[in-house]
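Here is what each chain is made of, one letter per residue.
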Amino acid sequence: QVKWKGKDLFDLVCRTLGLRETWFFGLQYTIKDTVAWLKMDKKVLDHDVPTEEPVTFHFLAKFYPENAEEELVQEITQHLFFLQVKKQILDEKIYCPPEASVLLASYAVQAKYGDYDPNVHKRGFLAQEELLPKRVINLYQMTPEMWEERITAWYAEHRGRARDEAEMEYLKIAQDLEMYGVNYFAIRNKKGTELLLGVDALGLHIYDPDNRLTPKISFPWNEIRNISYSDKEFTIKPLDKKIDVFKFNSSKLRVNKLILQLCIGNHDLFMRRRKADSLEVQQMKAQAREEKARKQMERQRLAREKQMREEAERTRDELERRLMQLKEEATMANEALMRSEETADLLAEKAQITEEEAKLLAQKAAEAEQEMQRIKATAIRTEEEKRLMEQKVLEAEMLALKMAEESERRAKEADQLKQDLQEARESERRAKQKLLEITKSSYTQSMNSSTTALPTDLPSFNLISESLSFDFKDTDMKRLSMEIEKEKVEYMEKSKHLQEQLNELKTEIEALKLKERETALDILHNENASRGNSKHNTIKKVS
């Protein structure tokens, strides 16, 4: 609306998003190559906004938390910070070393795709994703497939993390990067030396223009007494009056106004963090804890249901496999039975033929014996006939002897065939018995499988949330100090493990680095790392 103030438009956006942690955000616009933020108490159209329509505002985080995990309560707040920081890293507005870029990319993939599944997330599934800064990709002789392989290896380790957890892990790593949350402004000191002023959640920092990672000097918010500007001159008065006042000039008056805005907002949040939470924040944190507990219970319930379903499916598959095995055994037994029956029939037929042959041979032997007797009884008158007759008798006797032997052999063979027939019929009986047993077993198995089905009514769990009450004694500083110390120890242990992982990846890809493509920030970061300098201990040294 024409009469709307900045706050009216800002509140509309926050309500649309369901955002309650509004103090981190603002509406940004650009005027004459300079960034500006919409003032809450001033009419929107009274700002020096561009004349062309439509007027574009960007809803962005204006102030950053010192510790994302402790300060960002709502899931929507965490998600908006995740999107903004991720874009700044990919656009190289925040310097990120290669090994940390790969780790951050793996958390971004977990947030988007959920748990890694090799059957779904096959080679090439990240081909269209923008996950790494172009500077990192150009720095190494590595194909997209090689980068994807390393990102996927870490992605697989994040199994079980929900989207909000993966995004929070991303922010916890990103907040330790040197350029995270820093707004840089070009300035000149009294001598005319060009410098950079950095404004962030911790304080004010002075940098060389060529080194945005390591400040030359820092002024923590709790050590600054006053900040002011007159025209283009900006003055920082330290709390310690023994320390000289720091003065510098900026290029435009508009820039000085923006610097002062950021200083006031960051200083207010700095002091707010060091006081007890307001009632509104306490309520938000209580609701966030309840929501987190509810989601955890829901995830556990779904995991149990999934496990039960998988077990039921495995049981069903095992029963189906066993049923198929029994069917195959039954088929083989049937075939063996048919072969046994055929063999028995053949043996019976052969035994009958052999028995008939033996009877025929016995008949022929009897006939030969009769012929021999008849020949002997015949009177042989001549000696020649007698000799011939004796020869015939001898031949007849030999033939009769052979016939008798053959008859005896055939009789033995018939006995042997009868014995084989008996064995074949016994084998047939055993095959029928085995078939009967298999049929009974498969019937019993099928009955069991029919009764074992996927559970239709899986157990459900009702979450009973008891209202949480707050005792303001919890804000006791001593107890808070002890809790903070404990969390610091846990954080240091996690950081140590994370650093080991990052060093391992750095060593692995170091051989593929193209030294000639290193940027000035890469070289500065490596020098800081070799000296053991981190974001926080550097600021501590130069404060």
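One can find the structure itself at the top, above this paragraph.
Residues numbered from 1 in each chain as written. Predicted model: local features only at pLDDT ≥ 70, side-chain atom pairs only at ≥ 80, totals over all residues. Heavy atoms only, no water.

Q: Where do I start with the layout of surface pockets in this structure?
A: One water molecule sets the probe size; rolling that probe over the atoms shows where empty space is left. Approximately 970 Å³ is the volume found for the second largest pocket. Around the second largest pocket sit 33 residues that line it, and Gln28, Val35, Gln88, Lys93 and Asn183 are the ones nearest its centre. When contributions to the lining of the second largest pocket are tallied by element, the ones reaching two or more residues are strand S1 (25-31), strand S2 (34-37), strand S3 (58-61), helix H3 (75-90), strand S4 (183-189) and helix H8 (253-273). Ranked by residues supplied to the lining of the second largest pocket, first place goes to H3 with five residues. Tallied by class, the residues present in the lining of the second largest pocket amount to 19 nonpolar, seven polar and seven charged. Two domains each put at least three residues into the lining of the second largest pocket: domain 1 (6-175) and domain 2 (183-275). (1 Å grid on protein atoms, 1.4 Å probe; cavity = no way out; pocket = protein on both sides within 12 Å on 5 of 7 lines; lining within 4 Å. Points joined across faces, edges and corners; volume = space filled by probe spheres on them. Helix = DSSP H or I, 4+ residues; strand = E, 2+ residues; numbered from the N terminus. Nonpolar A, V, L, I, M, F, W, Y, C, P; charged D, E, K, R; others polar. Domains from an automatic or database assignment.)

Q: Explain H3 here, please?
A: In an α-helix there are 3.6 residues to a turn, and that puts residues three or four apart on one side. The first and last C-alpha atoms of H3 sit 22 Å apart over 16 residues, in line with the 22 Å expected at 1.5 Å per residue. Residues Thr77, Gln78, His79, Leu80, Phe81, Phe82, Gln84, Val85, Gln88, Ile89 and Leu90 constitute the buried set of H3. In this structure, the buried residues of H3 make contact with helix H1 (6-17), S1, S3, helix H4 (98-113) and helix H7 (163-174). (Expected span 1.5 Å × (residues − 1). Buried < 20%, exposed > 50% of the residue type's maximum accessible area, 1.4 Å probe, protein only. Contact = heavy atoms within 4.5 Å.)

Q: I'm lost on the pattern of salt bridges in this one. Help?
A: Pairing of side chains with opposite charge becomes possible as their charged atoms draw close. The final tally for this structure, using the stated rule, is 26 salt bridges. Between arginine 299 and glutamate 165 there is a salt bridge; the shortest N-O distance is 3.4 Å. Of the two residues, arginine 299 sits in helix H9 (residues 279-377) while glutamate 165 sits in helix H7, which places them 134 residues apart along the sequence. What you see here is one network of salt bridges that share partners, running through Glu66, Glu71, Arg273 and Arg274. (Salt bridge = Lys/Arg side-chain N within 4 Å of Asp/Glu carboxyl O.)

Q: Please clarify how the sheet that holds strand S6 (residues 203-207) should be interpreted in this entry.
A: In any sheet, the strands associate via hydrogen bonds between backbone groups, in a parallel or an antiparallel arrangement. Read from one edge of the open sheet, seven strands run S7-S6-S5-S4-S10-S9-S8, paired in antiparallel fashion. Pairing within the sheet leaves two strands with one partner each, and these edge strands are strand S7 (217-220) and strand S8 (224-230). Taken over all neighbouring pairs, the strand axes of this sheet differ in orientation by 30 degrees on average, direction set aside. The sheet contact formed by S4 and strand S10 (residues 246-250) spans three bridges and is antiparallel. Among the inter-strand pairings, asparagine 189 is bridged to a residue of S10, identified as phenylalanine 248. (Pairing = 2+ DSSP bridges. Axes fitted to C-alpha atoms, helices over the stretch in contact; angles between N-to-C directions.)

Q: Just to check I follow, could you spell out a positive patch on the surface for this structure?
A: A surface patch of positive charge is lined by Lys190, Arg225, Lys237, Lys241 and Lys247. For lysine 237, a relative accessible area of 30% gives the class partly exposed. (Patch = residues over 30% accessible without salt bridge, like charges linked within 9 Å, V, L, I, M, F, W, Y side chains within 5 Å. Areas by Shrake-Rupley, 256 points an atom, 1.4 Å probe, with all protein chains shown as cover. Lys, Arg positive; Asp, Glu negative; His and termini not counted. Charge placed at Lys NZ, Arg CZ, Asp CG, Glu CD.)

Q: When you look at unusual backbone geometry in this model, what are you seeing that I'm missing?
A: Glycine aside, a negative phi is what most residues show, and trans is what most peptide bonds show. The backbone of glutamate 92 sits at a positive phi, close to 65 degrees, despite the residue not being glycine. Mapped onto the secondary structure, glutamate 92 falls in the loop between H3 and H4. For glutamate 92, a relative accessible area of 37% puts it in the partly exposed group. In this model, aspartate 231 sits at a positive phi of 55 degrees, which is unusual for a non-glycine residue.

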